[in-house]
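Descriptive structure summary
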Amino acid sequence: MRLSAALRNACRNLPVGPGHVPRHGSCLVGVRRTSTPLPFGSHRALARDASTGSGQTSEAAVKLRKQRDGSVSEHAIREVIQQSRQELVQLCRENTAITPVLAIIQAAEDDRLLEINKKMAAKVGLSIMDISLPGSCTEEEVLEEVLRLNEDAAVRGIYLHLPPSRITPRLLSSLAPHKDVDGVCDVNVGRMVRGDLSQSFTTPQARAVMELLTRHDACLEGKTAVMVGGEGPLGAVLQCLMEKAGMALLRCHPDTAALQKQVGGADAVVVLGGAPSPLLAGWLKPGAALISCSPSLTEPCAGAESLAVSSWTEVAQLSAAFRMQNVVQSCGMWAECQRYQPWRLRPLKLQPLSPVPSDLSISRAQTPKPIGQLAQEIGLLPEELELYGRSKAKVRLSLLQRLQEQPNGKYVIVAGITPTPLGEGKSTVTLGLVQALSAHLQLNSFACLRQPSQGPTFGVKGGAAGGGYAQVIPMEEFNLHLTGDIHAITAANNLLAAAVDARILHEAAQSDKALYNRLVPSVNGVRRFSPIQLSRLQRLGIKHSDPAALSPEDVRRFVRLDLDPEKVTWQRVLDTNDRFLRRISVGQAPTEKGHVRQAQFDIAVASEIMAILALADDLTDMRRRLGSMVVGSNRSGQPVTADDLGVMGALTVLMKDAIKPTLMQTLEGTPVFVHAGPFANIAHGNSSVLADKLALKLVGEDGYVGECVHTHTQTHTHTHTHTHLQSLQLVASGCSNLKKQIQIAQLFGVPVVVALTSSTLPLLLHLFVFYITTDSQAELDLVCSIAKDCGAAAAVPCHHWSRGGRGSLELANAVKDAAAQQSSFHFLYDLQMPIEEKIRVIAQRVYGADDVELTPKARAQVDYYTQQGYGSLPICMAKTHLSLSHMPERKGVPTGFTLPITDVRASIGAGFIYPLVGTMSTMPGLPTRPCFYDIDIDPITEEITGLF
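**Focus: the pairing of strand 25 (residues 662-666)**
Among the five residues in strand 25, five count as buried, and that is most of the element. Bridge analysis of strand 11 (residues 393-395) against strand 25 gives two bridges, and the strand direction is antiparallel. Following the sheet pairing, K394 is matched in strand 25 by T662. As paired elements, strand 15 (residues 470-473) and strand 25 share two bridges and run antiparallel to each other. Residue pairing across strands places V472 opposite T666, the latter belonging to strand 25. As judged from the four bridges shared by strand 25 and strand 26 (residues 671-674), these two strands associate in the antiparallel manner. Following the sheet pairing, T662 is matched in strand 26 by V674. In this structure, the hairpin formed by strand 25 and strand 26 is closed by a connection of four residues, where G669 is found at a positive phi of approximately 75°.

So this is what it looks like as structure tokens:
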């Protein structure tokens, strides 16, 4: 085995003591006159012999030592085992997730050492994972096992029980340092060399040698030692430990001509390998210590009565005990890592320019931190991160389990009072706020944003990364594909659509028997139901699990969904604005045998699967929700679900990576979760529950999570705000809507902060942040005064677009103060209320309508959903965002109107009912002059232009 060049040099360049001349084939280490404690944990040596002061021990001391030498290692082993066992019991008591497993990879090695390690593991209470490879195994085969064990969460330590010639530098470098309980990988050896023992493991054999030396002689400082052999990590580590203990060390090759002279003057001789069998018969001076780490020297040599001898067996047993202690230490290190880690965020410097450049220019001028570095700064573990290049990564949901006892931070909702038709500004305010909190006030904060759809990016709106000096970077990656979540939703949605039409076709063309034979085929003469098919049998109340046991009636019920083509509600999706797909016909090919029906495409973010992604709690919950999605009705009027089609497992497979939020960063290097993107016209329009949950745990109890909401739903609080007003009277008049929005927020019992910048309003939960546009200082002062008089906790101007986080400091302080107030959040209605009554509560209390009016179609749908048991679902209103009423032209605070409900639809898997107020399109169209006219790429540099 060889160390890397850097480690070899570090070991060879240790200080050389005066008066000692290095000889050929040896390395002399000087004496450091300090009393640095040895890194042996809390176990201490037993009673020591006193030194005569002349370098020779007294005759009485030698006699006493001879009587006790056989039990020196036994005492040490007993102490180490007892301490390790106690520590492990305590660790397991405090953290039930600990799995104390030591994996041993062996390949035709000496079984004596293997048995010793297994016995020591049993005494401590560790489990052994024994991986036995053939003696002819290749380096690749061993490497494959090492890499697998590195990723195995159940394994806390890896021990390579291989012949020295098989332990190659490549294997050593592949070992995960936190599992290298033998302390032989370059990282652990390097830490040992520089004296960093806090997060590393000391080689067990080296610890055993030092412990035995210490127990043989109370004071090692000033003593001389000879190390015979030992060119690998063991020799390097042992050299460092001896030097730290103040010993003068001479390293000798076993074949050196001066070996007898060198060992004859030593106080201790350590044989690491290659020593001749008659070694030291009369070479060592009386009272010297002889420690053998070489299996070739297993018995005390002749004439050793006056020596303190530790045989290979004793060293091997004590080494095994220390190895088990390292495994326990690894468990402790793992448990410590599982605890909440304080943030060590290092913000990026921002130098705003005036006039403010384009968003893309600003984004390109800032170099983002490596995403792994940001993850480490906010307390994420390496195994919780899945890198997607340098600047973005998926975060695994195991984080929620690890931090389940961690209190949540404060939840701040940001949305807008009056969006323009394109709804600009909400993301920018959110990002400006969290940049101010984290980069300038040193308060943990996270932004949670939706993933932008490709439709608006290439249509008329453009990207959604924020703007000016309050952005997510890199802007191009944020707006283009990101980590492929929307593509996964598109694939899953269209798989289900294909399954619907295929099932209609096959049921129409085949008999019950033929369908059954194809759905449950005979494979190698055996027919069996798949687990998904068994679940369907259970739902149908059919108790048989043998395909041959079903009656003809059972077979018919099993194979026939009897979907009515005219009542299919599941549509195909595409993440492109394409108005010509709003109404299509499918089944035109001759192979579809005349099964033509009218259908349509929606934009991908309008898929119910997207809404489920935003609302699911974990993969299990997502699978349940996906299976519950209703795709249409059968000819008896009963709902047919994805579960009935047997496709929910496949849908979950397609969504297994999309469920993990994507970590990115702001221009100032503060963290952002980008996840989900439900279409706000027919869904809740904000980032995911999972992103919020993860962020609330990561920021800690005193931190903040800013959630950007793009909703057009039940808290519809949009209005019109006059810009460039001519008089304060007009400003006061325009604030009528602001007053209404504050009142609406107060319906939910949470504090409100008004941010004066560039238009819009919010949803619900811990804190509301509003923002509007005004001009002169007098107008700003008037708006702030009106907002406070109406009950807002604060109203402040913001300049994040032109200044970044520093421009939102006043807002950040206002949010901090408001979040400290007592919140009494409550919902607007009881879920058990009838569907129509829940709609009425929203219309009257939020929008200010006199009443609601349901069309016959809408009322029939309400009756149907109630009959099917969906009446207790919450309501998500789908309505224009340009007015509190259903009429876009009615600004301010409309009154005296009845809210028309033209249709009522349901996303059963997502878990809400959405009434349609007027006509809502779920497939946007391209304008005459789309954004794609400006978007291009330099084929040489691959630099993208035209995004905004």
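**Things to note about the pairing of strand 7 (residues 268-271)**
Every regular strand shows the same layout, with side chains that alternate between the two sheet faces. Going residue by residue along strand 7, you find A268 and V270 tucked away on one face and V269 and V271 tucked away on the opposite face as well. In terms of strand pairing, strand 5 (residues 224-228) meets strand 7 through four bridges, oriented parallel. Its bridge partner lying in strand 7, A225 is registered against A268. Direction of pairing for strand 7 relative to strand 8 (residues 289-292): parallel, over a ladder of four bridges. Within the sheet, the bridge partner assigned to V270 lies in strand 8 and is I291.

**A short note on the pattern of salt bridges**
Evaluated as defined, the whole model comprises 37 salt bridges. Between D182 and R323 there is a salt bridge; the shortest N-O distance is 2.5 Å. Of this pair, D182 sits in the loop between helix 5 (169-174) and helix 6 (186-193) while R323 sits in helix 10 (residues 312-338), and the two are 141 residues apart along the sequence. Exposure remark for D182: the relative accessible area of 12% places this residue in the buried category. Overall, R323 belongs to the buried group, its relative accessible area being 5%. R624 is the salt-bridge partner of D621, the closest N and O atoms lying 2.8 Å from each other. Highlighted residues: D621 and R624, both in helix 22 (residues 619-628), separated by three residues, approximately one helical turn. Classification of R624 by relative accessible area gives partly exposed; the value is 47%.

**A look at the sheet that holds strand 3 (residues 127-133)**
The strands making up a sheet associate through backbone hydrogen bonding, with each pair oriented either parallel or antiparallel. Spatially, 3-2-4 is the arrangement adopted by the three strands of the open sheet, whose pairing is parallel. Both outer strands of the open sheet, strand 3 and strand 4 (157-161), are each paired with one neighbouring strand and no more. Between one strand axis and the next, the sheet turns by 20° as a mean value, whatever way the strands run. In the packing of helix 4 (residues 139-151) onto the sheet, contacts are made with strand 2 (101-107), strand 3 and strand 4, and the angle to strand 3 comes to roughly 160°.

**Considerations on helix 25 (residues 689-699)**
Helix 25 sits mainly inside the fold: nine of its 11 residues count as buried. Within helix 25, burial applies to L690, A691, D692, L694, A695, L696, K697, L698 and V699. Looking at the buried side of helix 25, the elements it contacts are strand 11, helix 13 (398-402), strand 12 (410-414), strand 13 (445-449), strand 26 and strand 27 (704-708). The first or second residue beyond helix 25 is G700, which carries a positive phi of 85°.

**A short note on the sheet that holds strand 24 (residues 639-641)**
Read across the sheet, three strands follow the order 18-23-24 without closing on themselves; strand pairing throughout is antiparallel. Two strands in the sheet have a free side with no partner beyond their single neighbour: strand 18 (563-568) and strand 24. Recorded for the sheet is a direction-independent mean angle of 55° between the axes of neighbouring strands. For strand 23 (residues 630-634) and strand 24, the ladder comprises three bridges, and the chain directions are antiparallel. Paired with G632 across the bridge in strand 24 is V640. Set on the sheet, helix 17 (residues 485-509) makes contact with strand 18 and strand 23; between it and strand 18 the angle comes to about 130°.

**Focus on the environment of G627**
Within the fold, G627 resides in helix 22. Judged by relative accessible area, G627 falls into the buried class, the value being 2%. C-alpha separation for the pair G627 and G646, spaced 19 residues apart in sequence, amounts to 8.2 Å. Not counting residues within four places of it along the chain, the set of residues in contact with G627 comprises T641, A642, D643 and M648.

**Description of the packing of helix 7 (residues 204-216) against helix 8 (residues 233-244)**
Think of two packed helices as two axes; the pair is described by the angle between the axes and how far apart they sit. Between helix 7 and helix 8, the least distance of the axes is 9 Å, while the angle of their chain directions is 35°. As helix 7 packs across helix 8, the resulting crossing turns out to be right-handed. From helix 7, Q205, A206, R207, V209, M210 and L213 reach across to helix 8, where they touch L234, V237, L238, L241 and M242. A class-by-class count of the residues in the contact of helix 7 with helix 8 yields nine nonpolar, one polar and one charged.

**Topic: the environment of G700**
With respect to the helices, strands and loops of the structure, G700 is situated in the loop between helix 25 and strand 27. Judged by its relative accessible area of 2%, G700 falls in the buried class. Note: C-alpha distance between G700 and Q406 (294 residues apart in sequence) is 7.0 Å. Contact partners of G700, with chain neighbours within four places excluded, come to Y340, Q406, P407, N408 and G409.

**Focus: unusual backbone geometry**
Residues S354 and P355 are joined by a peptide bond in cis, for which omega reads 0°. Cis geometry is found at the peptide bond from I473 to P474, where omega equals -5°. Relative to the helices and strands, P474 is located in the loop between strand 15 and helix 16 (475-479). Even without being glycine, Q442 reaches a positive phi, approximately 55°. Tracing the backbone shows Q442 in the loop between helix 14 (426-440) and strand 13. By relative accessible area, Q442 is classed as exposed at 59%. Phi at L482 takes a positive value of approximately 55°, unusual for a residue other than glycine.

**Points about the packing of aromatic side chains**
Tallied over the full model, the rule gives eight aromatic pairs. Centre to centre, the rings of Y516 and F529 are 6.4 Å apart; their planes meet at 55°, and the pair counts as tilted. Of this pair, Y516 sits in helix 18 (residues 512-519) while F529 sits in the loop between strand 17 (526-527) and helix 19 (531-540), and the two are 13 residues apart along the sequence. There is no split in this pair, since Y516 and F529 are both buried. The rings of W343, F446 and F673 are connected pair by pair, giving a single aromatic cluster.

**A word on the nonpolar core**
Ranked by internal contacts, the top residues of the largest apolar core, which has 83 residues, are F446, L663 and F673. The biggest single contributor to this core is helix 17, with eight residues. Setting aside residues no more than four positions away along its own chain, F673 makes contact with V395, F446, A447, C448, L449, P661, T662, L663, A691, L694, A695 and L698. Counting residues in hydrophobic clusters, the runner-up holds 61 residues, among them L102, V193, C293 and L318.

**Observations concerning helix 27 (residues 736-747)**
In a regular helix each residue adds 1.5 Å, so 12 residues correspond to 16 Å; helix 27 covers 17 Å between its end C-alpha atoms and thus fits that length. Listing the buried residues of helix 27 in full gives N737, L738, K740, Q741, I742, I744, A745 and L747. Within two residues after helix 27, G749 carries a phi angle of roughly 75°, on the positive side.

Cut-offs used in this document
- Residues numbered from 1 in each chain as written.
- Predicted model: local features only at pLDDT ≥ 70, side-chain atom pairs only at ≥ 80, totals over all residues.
- Heavy atoms only, no water.
- Buried < 20%, exposed > 50% of the residue type's maximum accessible area, 1.4 Å probe, protein only.
- Helix = DSSP H or I, 4+ residues; strand = E, 2+ residues; numbered from the N terminus.
- Pairing = 2+ DSSP bridges.
- Salt bridge = Lys/Arg side-chain N within 4 Å of Asp/Glu carboxyl O.
- Axes fitted to C-alpha atoms, helices over the stretch in contact; angles between N-to-C directions.
- Contact = heavy atoms within 4.5 Å.
- Left-handed = near helix turned anticlockwise from the far one by under 90°.
- Nonpolar A, V, L, I, M, F, W, Y, C, P; charged D, E, K, R; others polar.
- Phe/Tyr/Trp six-rings, centres within 6.5 Å; stacked < 30°, edge-to-face > 60°.
- Core = buried A, V, L, I, M, F, W, Y, C linked by side-chain atoms within 4.5 Å.
- Expected span 1.5 Å × (residues − 1).

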